[in-house]
Structure formats: C-alpha cells, structure tokens
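Here is what each chain is made of, one letter per residue.
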Amino acid sequence: MTLLSIRNLQVRFPLPEGTVHALDGVDLSLGEKERLALIGETGSGKTVLGRAIVRLLPPGAHVRGEIWYEKTDLLTLPPGEMRKIRGREIAIVLQNPANSLNPVLKVGNQIKEAVQARWRIARRPAYREALNFLQKVGLPERAAASYPHQLSGGMRQRALLALGLALHPRLLIADEPTKGLDSPLRAQIVRLLQEATKEAGQALILITHDLAAARELADTLAVMYAGQIVEYGRAKDIFAHARHPYTRGLLASHPSLGLKPIPGFAPSLTHLPPGCRFHPRCTAVREVCRREVPPLSEIKPGHKVRCHYCSS
Ligand SMILES: Nc1ncnc2c1ncn2[C@@H]1O[C@H](COP(=O)(O)OP(=O)(O)OP(=O)(O)O)[C@@H](O)[C@H]1O
Ligand SMILES: [Mg+2]
C-alpha cells in the first residue's frame, strides 16, 4: 500500500539576487515499509525534499504541489495537525540538528518526554527506552545526563536519531545518518536502520552521500540533480545498470575510493540552463538535449530516467 505520494512538488526561495528553484516537479511515491535512498551531489535538493515532507522548511520557502500521506495532503494541514503527524507518523533526523533538540532539557529527559507523549507510558519505562536507544546509537552513558550543547555536533545528530527511532514512526527520514562516523560506528548505525526497517517494518527515506549505506539499506533509489529526480528505480537495478549519464558518473565517483568526481559543476538554481539540466556536463550530449527538457520516462517497469539519450 502507498504510504506517501508526492506530486509535482515545487520549492522556491525568492531571494534578492533571483529565485532559487530548489525543487522542480518532484514526483515520488513510497510504499509501506519501503526503504528509499535519495542520492545526488551537494545542493541537488535532497534536504529540501526531506524537510518539505514534514513541513520544516524556512518561512521564506514557496511550496507548491501535493504531498499525500495516506489520505491526507500534508500541505493542506493546519500546523497543529501537522505537529501530530510529525514524530508520531513521520520523524525526521536532520542533517544539522542545531535547533532540533531543546537546549534547556537534558538529552535523556528529552527523549523520555517525547516517548511518554507518543506512547502514553510512565516516566520510568520511557526513560529506560531513552537510555536503550542512546546506547543503540553508540552514545556513552553520560550523554543522557548532558545538555545538547555539551555534546559534539555528531553526537547531537545521533541523539536525534535515538529520539527518532524511539518514537517508532511509520516513516523515518534520516538525513546523512552515517556522515563523519568511523567505520564500526557507521556499521552500527546501518544495522540499527536495518533493524528499524526490516524487523520493525518502518519505512525509510535515507538521504545520503554514503553509497554503500544506500546499497545496503535501500529497496528503491531516487537520484537527484539540480532540484529534479533524474533516475528512479529499484536500487539493485540502478546499482547494477544505471542508465542516466549523471547516475553513472555519480556511482563511479566515489572519492573515498580514489575515483574521480563528475567533471564540471551543477548549474546555479537561479539560472538554470535550457533543455536538460545536466547537458553542460554530459558526455553523451546531443542537440536535442540543449533545447528540450527531457521528461522522467519509464524505460522499463518501475525504472524511470529523465534523459533524451537513454529513453529513445
Ligand atoms: N533557506 C534557503 N534559502 C535559499 N536557498 C536555499 C535554502 N535552503 C536551501 N537552499 C538551496 O536549495 C538547494 C538545495 O539544497 P539542499 O540543502 O536540499 O541540498 P542537498 O542535496 O541536501 O545538499 P547536501 O548534499 O550538501 O546536503 C541549494 O542550492 C541550496 O542553496
Ligand atoms: Mg542536505
């Protein structure tokens, strides 16, 4: 069954120097228990998409389109109703969690209170649950009795992951949960997300540059470039046989393995090139690519590509 269905989502930031087209015509759906990884170079719109789903974009953002969570278009919900969905149904673990934790509450108490509010259980079991999840994300015991500012940025993000997981949401959106972690800790977080999804059946949107984590965790993959989805399909298929020249470059460009990034730069989102947004960097560019915007077309069941070259 479909849990989330995003239709023609547009997010713009009007700035004095021009309008930033951060997301343009994003269509995406996610089934119950499905695990989707969102990948793409920096600035491609991954975080904006994650935040748009839970309506946590900065006030200046102009949002259009539809975000259906089961039978509700989240974009039409009053703020109070949206707050009820956030945390209970959908939790997001943000990339820069500076403002996501309450600065005047100790971390353990904060998670305890959220768990209590969510499950209406007593203080003690809720606190035990908080400690349990803090341990699962690899934080030392003292973290529970610390204020957020006493933890490093990385530790705060893991505390937020502990909070997200302790709420057992139906959909967890995790933005770069493995970033900057050493390899045992990274493996621990991947295992934890496996547990939350495979065993507990939560759906996951994993936003990541960690292609190995995407490979391990994702059922489906959405590849983003300059505010659009350019390739979408089963993760297995795309890892085995990516079709879009951008995806191919991205999958071959693992800097940690000493492989080269894609030459050139992503376009400015205030001055987008005509035609295919990737054409200035594309090795397979043809005349039509400079003129016509390619649609995201299905090249075989469940596999979509936004490319004149691949779909013809
Ligand atoms: N508040 C804002 N005002 C103006 N532009 C913004 C704002 N927030 C994001 N953007 C722009 O939207 C685009 C997408 O940003 P986003 O943070 O979603 O990228 P990302 O794919 O998450 O990148 P990264 O991999 O580095 O996290 C960027 O060009 C960014 O500059
Ligand atoms: Mg981001």
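Above: the structure in question.
What comes next concerns the included structure. Being a predicted model, the structure only gives us computed values, none of them experimental.

1. Focus on the overall build of the protein chain
Counting secondary structure elements, the protein chain contains 11 helices and 12 strands. Taken over the C-alpha trace, the protein chain has a radius of gyration of 20 Å; the compact-globule value for 312 residues is 20 Å, and the two agree within 12%. If one aligns the C-alpha atoms of the protein chain with their principal axes, the spans along those axes are about 65 × 45 × 40 Å. Taken over 312 residues, the protein chain has a buried fraction of 51%. Contacts in the protein chain between residues far apart in sequence, at least 24 positions, make up 64% of those at least 6 positions apart. If you sum the accessible surface of the protein chain, you get close to 15,100 Å²; carbon and sulfur atoms cover 52% of it. For the protein chain, the separation between the mean place of its 43 positive charges and that of its 27 negative charges on side chains is 3 Å.

2. Let's talk about the site of ligand 1
In the vicinity of ligand 1 lie 15 residues, with Thr42, Gly43, Lys46, Thr47 and His209 positioned nearest. Here Gly45 contributes a backbone N or O atom positioned 3.1 Å from an oxygen atom of ligand 1. Between Val48 and ligand 1, the recorded distance is 2.9 Å, taken from a backbone N or O atom to an oxygen atom. Compared with its free state, where it exposes 630 Å², ligand 1 has 69% of that area covered by protein. Going through the elements one at a time, β1 (2–15) and α1 (46–53) are the ones with two or more residues in the shell around ligand 1. In terms of residues, the shell around ligand 1 owes the most to one element, α1, which gives three residues.

Quick notes on the rules
- Residues numbered from 1 in each chain as written.
- Chains lettered and ligands numbered in written order.
- Predicted model: local features only at pLDDT ≥ 70, side-chain atom pairs only at ≥ 80, totals over all residues.
- Heavy atoms only, no water.
- Helix = DSSP H or I, 4+ residues; strand = E, 2+ residues; numbered from the N terminus.
- Rg over C-alpha atoms; globule rule 2.2 N^0.38 Å.
- Buried < 20%, exposed > 50% of the residue type's maximum accessible area, 1.4 Å probe, protein only.
- Contact = heavy atoms within 4.5 Å.
- Areas by Shrake-Rupley, 256 points an atom, 1.4 Å probe, with all protein chains shown as cover.
- Lys, Arg positive; Asp, Glu negative; His and termini not counted.
- Charge placed at Lys NZ, Arg CZ, Asp CG, Glu CD.
- Near = heavy atom within 4 Å.
- Polar contact = N/O pair within 3.5 Å; in protein donor to acceptor, adjacent residues only side chain to side chain.

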